[in-house]
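Structural overview for review
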Amino acid sequence: MAYAPPSGPTHRHGDSWQSSGQSRFNANGYAPAGVSEKIGDIFGSDRKGSLPMYKDKPYQYPSGRRKMPWFRRKRVIASVFLSVAGLSWWFGILSPLSFLTGGSETMVSKKSKSSWNLFGSGRVPDWDNRAEKVREAFRVSFADYEKHAWGDDEYHPVAKNGKKMVPNGLGWIIVDALDTMMLMNLTTELEHSRQWIHNNLTYDQDHDVSTFETTIRMLGGLLSAHYLSSSFPGVYAPVNDGLSDDMYVEKATDLADRLLGAFDTESGVPLASVNLHTMKGIPSHADAGASSTAEATSVQLEMKYLAKLTGETQYWDRAEHVMKVVDDNDMPDGLLPIFIYADQGAFRGNNIRLGSRGDSYYEYLIKQYLQTSQQEPVYNSMWNESMAGIKKHLITYSRPSNFTILAERPNGLDNAISPKMDHLVCFMPGTIALATTGGVSVAQARKQGTWTAEHEENIQIAEELMKTCWGMYTTTPTSLAGEITYFNMHDPPLMYEQFTSDNRPKSPRNFDRLPNLPGVDSRPIGTDDYIIKPNDAHNLQRPETVESLFYMWRITGDVKYREWGWTMFEAFMKHTAVLDGSGYSSISSVNIVPPPLKDNMESFWLAETLKYFYLLFSSNDILPLTDVVFNTEAHPFPRFQLGKLFKTGWERKARDADGKLVQDTQKHEGVPAVLDGMGPQKIETIHLTETRAVATSTLADGEMTAMTTAIGAYTAPAESTMLAP
Ligand code: DMJ
C-alpha cells in the first residue's frame, strides 16, 4: 500500500521553529496544529487524547479522595476487609492470605516474615514506607554523585570521582535519572539537573558513542521526561525554574538526528557506534564489525515516539525498516542469532540467546505492538512466533529441583542446549506476563472472551521463570544474583514440549531451606541447581529481576512478588552500600560476605533498578500498564494511536499455517471478501501461492488478523469472495 508523505513543513531543518521562542508543544506535550497540518490531524481526533491523567501527586493521594463518601473510598473498604479477615484468621476461620492470593502460594522470605508478614506480626506491611526507603536510597546515591562528579558520565562512589565519556559529558547519569526524580517527586534534584541540561548539554561533540545505549538512555530519558512533564502537568516534581519543558524534545531531536547517521548503511541496520559531530556510523571493533542484534532492534520505541511527537516521519521509517530487514532473514521459529552485519543485513553466526545481545529484540517486539495500541499485528505475530520458538528450543529444567530455565543455543537450534542464564534474561517473566494480558490483570484478562489455554500456559511460564530469577538471589550468601548463572540440567535435557500442562516439571512450592543433613549446614532450596562461576559472580545492581517483579505484581496481584522485592532491596542496601553509607556500588562477588566493591555506580541503578523498586512498592495507579510502555531502560512512554501520519510500512513475507515462508505469486489489496465463519471482512491483502492463500483483514475492533486457506478453495477477487477452510 502506498504511503503518502506528509504535506507541509514537517521537517525541522530549515524551519524557524527552533529559534522562534515559541513553544512547539501544547499542554499535553504534542505538537500544535501550527507545526504542520498533518500533525494537527494526527493529534486532533485520533491521538490518545484521553490518556488517563494521574491526578494524585505522589505522597498526596488523599486529596481527591477526601471528597468521596467514606463507603466509596477503597482504602477504607480495604482496611475494614483486612481487619475482619485478620481477626478471622486470628481465630482460625481463614488461613493466612488465601483470600488475597486466590489460594496461590505465598513465599515470604524468612527475614520479611519475621518483621513484616501480613499477619505474623499483626501488621500490614507499610508499602508507602518501603517506597520511601527506596526514594531515600535514590537521594543518597544522587547526592553523592552531585557532590563529587556532577556532570560526569561515570561515577565511582568509593573513590568519590567520576569521568566523562565525551569531552563535555553526555549527561549519562543525569538524563537517565530524570524521570525517576520526577516519579519520586524530587524537585530540588530535578531543578539542578534541568539547569545542567540547559547550560551544559550539547550533543555536537566530536566523539563516538554507542548507538543503542545512547538511544535507550539519553533519547529515552529525554522523551520520558517530556512525557511526564507534559502529560501530567504539575504532578511529578513540578518545577518553577523558568526553563521551558520544550528543552527535552529539542535536545531529543538534535540527538536523534545525530544517531540516525548510524543507520546510513546498505541494509539500513544501524552500526554499533556513531560520531555525534560527523554523524557517521562506526562499525563495532569486535565481532567482524557486526552489530549486536538486540542493539540494532531496540531503538524503535524511542524513534517512533519521537516521530509521533514531532510529526517527522524519518525517525519512524528508519527505525521501522530495521525490523523488516531482520524479519526478511526468516530465521526459524523466530529465534535470532545475536549478531547482524549492517552492510548486508544478514546474521553472523548462529549463537542464540535471550541474554546479552539478544534480549531486547524480543522485548521490543511485544512493546512495539503495545506502543501503537495493538494496531500493528506484525509485531504480535513476531512475538508469538518467538514465544513458540522459546518453548520449543530454549525452555528446559534444572536438576534436582526442576526450576524452569530459559537456556541458550550457542551453536544454533540443531545443536546442544546450554543451561546458562544471564541475569539480563530476567526481564522475560515480566515481559511474558505483559504480552499475555496486554497490561491488564490476569483476573481481568481471564474474563475476556479471548483468553485461552495458551494464555494460561504463558502465565505459568512467567511465574516459573520469575521463581528461577528469584532463586538466583536466594541461593547466594549475599542474597544478590550473579551476572550469569548456570544450572545443573537433566541428562538428557527435559524440554518444555515433551510435557503437557498436567505433567510439566514444577519447581518447589516455596523457598524453604533444604533439610539439615548430618554434617551439612541447612541450605536454601536450589543450592544444588544453581551454579555461579567465579568470573560471573559480580553484581552490577542490574534491574531485570525487580523489573519482572514489578510486572508480576501488577499483573497477577500476588503480594509475594512485592515481598520478594523488599527482601531484594534490603540485600542491595546491606551489601552494595559504600563504607560510610554515602552511596551504592556494584560488587565483585555475590558469594563473599561482605562483598568487595567494584567502585562503580551504573546509570541504570538510578534509571531502572531504583525506579522499579519504587513502583513495585507504590500505588498501582502510577503509570498503569495499560497506558504506557517502558523502554528497555525503564523510561515510560505513552501508548498512542497510529493516526493518519503513521502506518506499518512493511509486511511480513507470507507464511503458511506452520509458519513456513511461502513465495508470493500474486497479491491483491483491499479486496472485499467473506472469510468462512467470520462474516464479511475487508481483506487488506491476499498472497496467493501455488498451494495457499494467506489473507490479512481488519476485524471490527480494529485488530488485524491473518488467515491461511487452501488455494483450491479460493476464487479470484469478486464483490464477495468465500474463503473456505
Ligand atoms: C539496561 O541498560 C537495559 O535494560 C538494557 O536493555 C540491558 N542492560 C541494562 C541493564 O541491565
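Residue positions are given per chain, counting from 1 as you read along its sequence in written order. It should be noted that, the model being predicted, local features are given only for residues of pLDDT at least 70 and side-chain atom pairs only at 80 or more, the latter also being counted only at that level, while totals for whole chains, interfaces and linings use all residues. Heavy atoms throughout the structure, all of them, feed into the side-chain values; hydrogens and water do not.

**Considering the UniProt feature "binding site: Ca(2+)" (unreviewed entry) in the chain**
Cut-off, in case you're wondering: UniProt positions are given in the numbering used here, feature names are shortened, and annotations may be inferred rather than shown by experiment. Runs of E in the DSSP output that reach at least two residues are strands. Runs of H or I that reach at least four are helices, and both are numbered from the N terminus. For the exposure calls, accessible area comes from a 1.4 Å probe over protein chains only, and a residue counts as buried if that area is under 20% of its type's maximum, exposed if over 50%, partly exposed in between. In this description, contact between two residues means that some pair of their heavy atoms is separated by no more than 4.5 Å. Side-chain atoms alone can form a polar contact between residues adjacent in sequence; in general such a contact is a pair of N or O atoms within 3.5 Å, and within protein one must be able to donate a hydrogen while the other accepts it.
Annotation from UniProt places "binding site: Ca(2+)" (unreviewed entry) at Thr632. On the secondary structure map, threonine 632 appears in the loop between β14 (628–630) and β15 (636–638). We classify threonine 632 as buried; its relative accessible area is 16%. When neighbours within four sequence positions are excluded, threonine 632 is seen to be in contact with Phe212, Ile216, Ser360, Glu363, Tyr364 and Glu608. One polar contact links threonine 632 to glutamate 363, side chain to side chain, over a distance of 2.8 Å.

**Describing the packing of helix α6 (residues 127–149) against helix α7 (residues 172–183)**
We count it as follows: Think of each axis as a best-fit line through the C-alpha atoms, taken over the contacting stretch in the case of a helix, with angles from 0 to 180 degrees between the N-to-C directions. Angle categories are assigned with fixed cut-offs, so that under 35 degrees is roughly parallel, over 145 is roughly antiparallel, 65 to 115 is roughly perpendicular, and the rest are oblique. Definitions for this section: a left-handed crossing has its near helix turned counterclockwise from the far helix by less than a right angle. A right-handed crossing has that turn clockwise. Ten residue types, Ala, Val, Leu, Ile, Met, Phe, Trp, Tyr, Cys and Pro, are classed as nonpolar, four, Asp, Glu, Lys and Arg, as charged, and the remainder, Gly among them, as polar.
One way to put it is that α6 packs onto α7 with a least axis distance of 12 Å and a crossing angle of 150 degrees. Accordingly, the angle class assigned to the pair α6 and α7 is roughly antiparallel. Read as a crossing pair, α6 and α7 show a hand that is left-handed. Here Phe138, Phe142 and Tyr145 of α6 come into contact with α7, specifically with Ile173, Ile174, Ala177, Thr180 and Met181. Grouping the amino acids of the contact of α6 with α7 by side-chain chemistry returns seven nonpolar, one polar and no charged.

**Details of the environment of alanine 433**
Assignment of secondary structure puts alanine 433 in helix α16 (residues 428–437). The class of alanine 433 is buried, set by a relative accessible area of 0%. Along the primary structure alanine 433 and glutamate 463 are separated by 30 residues, whereas in three dimensions their C-alpha atoms are 8.4 Å apart. Ignoring anything within four residues of it in the chain, the contact list for alanine 433 reads Ile459, Ala462, Met552 and Ile555.

**Section: the site of the ligand**
Stated formally: Residues are classed as near a molecule or strand on a simple rule: at least one heavy atom within 4 Å of it. Calculation of accessible area relied on Shrake-Rupley with a 1.4 Å probe; when residues are assessed, cover is drawn exclusively from the protein chains displayed.
Every residue near the ligand is listed here: Phe212, Ile216, Arg217, Leu424, Arg542, Pro543, Glu544, Phe604, Glu608, Thr632 and Glu633. A distance of 2.6 Å separates an oxygen atom of the ligand from a polar atom in the side chain of glutamate 544. Considering the ligand on its own, with 300 Å² of exposed area, one finds that the protein chains cover 93% of that surface. Those elements that place two or more of their residues in the shell around the ligand are α9 (211–231) and α21 (603–617). Considering each element in turn, the shell around the ligand owes the most residues, three residues, to α9. Residue classes in the shell around the ligand are distributed as five nonpolar, one polar and five charged.

**Quick notes on the state of the cysteines**
Inclusion rule: Disulfides are defined as cysteine sulfur pairs within 2.5 Å.
Taken as a whole, this structure holds one disulfide when the rule is applied. Paired through a disulfide, cysteine 426 and cysteine 469 show a sulfur-sulfur distance of 2.1 Å. Disulfide cysteine 426-cysteine 469: the torsion about the S-S bond is -95 degrees, which places it as left-handed. Here cysteine 469 lies in helix α18 (residues 453–474) and cysteine 426 lies in the loop between β11 (420–422) and α16, a separation of 43 residues in the sequence. Classification of cysteine 426 by relative accessible area gives buried; the value is 0%.

**Regarding the nonpolar core**
Inclusion rule: Nine residue types can take part in a nonpolar core, namely buried Ala, Val, Leu, Ile, Met, Phe, Trp, Tyr and Cys, and a core is a set of them joined through side-chain atoms within 4.5 Å.
Formed by 177 residues in total, the largest nonpolar core has its most connected members in Leu610 and Leu623. When near neighbours in sequence (up to four residues on either side) are disregarded, leucine 610 contacts Val134, Ala137, Phe138, Ser141, Met184, Phe569 and Trp605.

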